[in-house]
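The primary structure of each chain is shown beneath.
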Amino acid sequence: QVQLVESGGGLVQPGGSLRLSCAASGITFRLYDMSWYRQTPGKQRELVAGLTSGGSTRYDGSVKGRFTISRDNAKNTVYLQMSSLKPEDTAVYYCNAKTNIRNFWGQGTQVTVSS
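Note that the structure is a prediction, hence the values are computed from the model and not measured.

Each value, and the rule that gives it
Residues numbered from 1 in each chain as written. Predicted model: local features only at pLDDT ≥ 70, side-chain atom pairs only at ≥ 80, totals over all residues. Heavy atoms only, no water. Helix = DSSP H or I, 4+ residues; strand = E, 2+ residues; numbered from the N terminus. Buried < 20%, exposed > 50% of the residue type's maximum accessible area, 1.4 Å probe, protein only. Contact = heavy atoms within 4.5 Å. Pairing = 2+ DSSP bridges. Axes fitted to C-alpha atoms, helices over the stretch in contact; angles between N-to-C directions.

Q: How do you make sense of unusual backbone geometry when you look at a structure like this?
A: Across the chain, the bulk of peptide bonds are trans and the bulk of non-glycine residues have phi less than zero. Residues other than glycine seldom take positive phi values, yet Asn 76 does so here, at roughly 55°. With respect to the helices and strands, Asn 76 occurs in the loop between strand 7 (67-72) and strand 8 (77-82). The backbone phi angle of Ser 84 is positive, close to 50°, even though this residue is not glycine. Counting through the fold element by element, Ser 84 comes out in the loop between strand 8 and strand 9 (91-98). Given the relative accessible area of 42%, Ser 84 is considered partly exposed.

This is how it looks when you write it as structure tokens:
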């Protein structure tokens, strides 16, 4: 059974930092491209950051320079380090694991940026 379990969300003040984690099980983690998406009510889920199995990264322009995606293949975990957080970063953040033929999602973790 495949599981992606996100953690690390919460309430943070503007300018603060959070680190999200996504622990994977049931997949050969090192073969998967891993990504973080986010979604707010009434809007489509959007890509925040991606990290391929080969180590290539990509970021949405709104988070470039503030967020960093990384992975630890030994721990089957992908991280999203978020800094200089803004109220507009408030969303449910989802972990995604993908290959050419398989695609899995976590349950999401809420991030709220507010004073």
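Back to the write-up after that little detour.
Q: Would you take a moment to explain the environment of Ala 24 for this structure?
A: Tracing the sequence through the fold places Ala 24 in strand 3 (residues 18-25). A relative accessible area of 9% means that Ala 24 is categorised as buried. Residues Ala 24 and Asp 72, 48 residues apart in the sequence, show an inter-C-alpha distance of 11 Å. Sequence-distant contacts of Ala 24, that is, excluding residues within four places in its chain, are made with Gln 3, Leu 4, Phe 29 and Asn 76.

Q: Explain the sheet that holds strand 1 (residues 3-7) to me, please; I cannot follow it from the model alone.
A: Pairing between the strands of a sheet is mediated by backbone hydrogen bonds and can be parallel or antiparallel. In space, the four strands of this open sheet follow the order 1-3-8-7, with antiparallel pairing throughout. Whereas interior strands pair on both sides, the edge strands pair on one side only; in this sheet they are strand 1 and strand 7. When the angles between neighbouring strand axes are averaged without regard to direction, this sheet yields 15°. With five bridges joining them, strand 1 and strand 3 adopt antiparallel strand pairing. Counterpart to Glu 6 in the pairing with strand 3 is Cys 22.

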